[in-house]
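Given next are the chains, with one letter for each unit.
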Amino acid sequence: MAVPASHVSKVEASGLEARAIMPDHDAVRSQLGMTEAEFARRVMISPDFLMRQIILRSLADSTRALDQIAVEADIVFGSIYALSAQIVCQKRSIPYVPGLLQPLAFQSAVDPPRTPDFRMMARYPARGLALSWNRIWQSVIFAEVKRRYSGPVNAVRAEHGLAPLRNAPVFALETEPTLRLALYSRKLGPDDPASVAGAQFTGFPLFDSNSGRQERLDPDVEVFLNGGEPPVVFTLGSFAVYASGAFYEHSAEACRRMGLRAIFLTGRSQNAQTTGPTLTRSYLPHSLVFSRCAAIVHHGGIGTTGQAMMAGRPQVVVPHMGDQWDNGYRLERLGVATVVPARDYTAKRARRVIAEILDNHALSKRAEHVAQDVRLESGATSAAECILTVLQ
């Protein structure tokens, strides 16, 4: 596997071979002279910063590194945001299978992304004039993305003997692939047959381990979970925790006033403690915890979204950036969640919305029903089987 430097040990611990082809966020942050919080905030509020400093900053080096290890590759599978994979595959005529990690990646005009960056687009279901409006805006957005970012990409393409881009990087591929994999449940996908035509929805290929090895809950966590009413669990995933604002403080205050037990997953190992009705840890395997909780309050990242859907518990989504908004609103439309923007998340608002979802029996039943279907999907197995068909 070709991964960021920080992922190598995790991949190897799972029994697979790994090569680092790009720096991790900490290395980029250090090069920019930014604190964790400063770096996280910039990534969350500025798509341009994300594109230039994360995706494009190391593109030349990551493409050279991938080019060396792909010499004997029969096929390459990678995220659509892994521009180096597209360049190397086109250069070496290797079949490329793009992975679409979230619904936003389809860029449907009928069922468009619900994020602040796409707020000018008419909402689902866009028909007639609304659909025409959305298609016009798509053309404008794609043209602007190409204008801003094709230069650095074309410089790397030229180094590898390829012609300049015809399409907008990230939003469109240069050649139509034999297979596209949507790595999440079809229930979350865009309601737009034309947009998703030819894509295979695999379900969530979840790998629920922070170390790469099989995870277990430590005895203290088991004691807590078994020691009273199911708690509410709060998490901001692996990135937003570095610029969490007052999310955990507001959540703790809400639970205290409501008399609820709570689990806080903060991303900070030094915060690990158990105090009465509250358990705080850096991370716990979601598959071992979420289903044993009364509700899940999270940021809407696609991995956490998948785990929450499989758990069958009501959700509050507090989006902080990018696709988290879109994932949250799709969960809300599915009838299993309520969305509260991070800027509006206060202790008072948290109390009200948590009380609402805990008292909403229809939402709870809907969450359980959705979970039954999602659990039948075997994302990793389905993805592997689809990829193998390309080689046959």
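Residues numbered from 1 in each chain as written. Predicted model: local features only at pLDDT ≥ 70, side-chain atom pairs only at ≥ 80, totals over all residues. Heavy atoms only, no water.

1. Points about the packing of helix H2 (residues 25-32) against helix H4 (residues 47-56)
Running from N to C, H2 and H4 point in directions that differ by 100 degrees, and their axes come no closer than 11 Å. Relative to H4, H2 is oriented roughly perpendicular. Contact with H2, carried on its side by His-25, Val-28 and Leu-32, involves Phe-49, Gln-53 and Ile-54 of H4 and no other residues of that element. Split into classes, the residues belonging to the contact of H2 with H4 amount to four nonpolar, two polar and no charged. (Axes fitted to C-alpha atoms, helices over the stretch in contact; angles between N-to-C directions. Helix = DSSP H or I, 4+ residues; strand = E, 2+ residues; numbered from the N terminus. Parallel < 35°, antiparallel > 145°, perpendicular 65-115°, else oblique. Contact = heavy atoms within 4.5 Å. Nonpolar A, V, L, I, M, F, W, Y, C, P; charged D, E, K, R; others polar.)

2. A few points about the side chain of Arg-180
Structurally, the position occupied by Arg-180 is in strand E5 (residues 180-182). Although Arg-180 is buried, it forms no salt bridge, and the closest oppositely charged side chain is Glu-176 at an N-O distance of 4.4 Å. In terms of polar contacts, Arg-180 uses its side chain to reach the backbone carbonyl oxygen of Ala-197, at 2.8 Å. Leave out the neighbours within four places in its chain, and Arg-180 touches Pro-98, Leu-100, Phe-106, Ser-195, Val-196, Ala-197, Gly-198, Ala-199 and Gln-200. (Buried < 20%, exposed > 50% of the residue type's maximum accessible area, 1.4 Å probe, protein only. Lys, Arg positive; Asp, Glu negative; His and termini not counted. Salt bridge = Lys/Arg side-chain N within 4 Å of Asp/Glu carboxyl O. Polar contact = N/O pair within 3.5 Å; in protein donor to acceptor, adjacent residues only side chain to side chain.)

3. Considerations on the nonpolar core
Most often, soluble globular proteins have nonpolar side chains that are buried together. If you look at the biggest cluster of nonpolar residues, it comprises 33 residues, and the most contacted ones within it are Phe-39, Phe-234, Phe-247, Val-297 and Tyr-345. Of all the secondary structure elements, the ones that give two or more residues to this core are helix H3 (36-45), H4, strand E7 (232-235), helix H10 (247-258), strand E8 (262-265), strand E11 (295-298) and helix H14 (347-359). Sequence-distant contacts of Tyr-345, that is, excluding residues within four places in its chain, are made with Phe-234, Phe-247, His-250, Ser-251, Val-297, Val-318, Val-340 and Ala-350. Within the second largest apolar cluster, 24 residues are counted, among which are Ala-182, Leu-188, Ala-199 and Leu-334. (Core = buried A, V, L, I, M, F, W, Y, C linked by side-chain atoms within 4.5 Å.)

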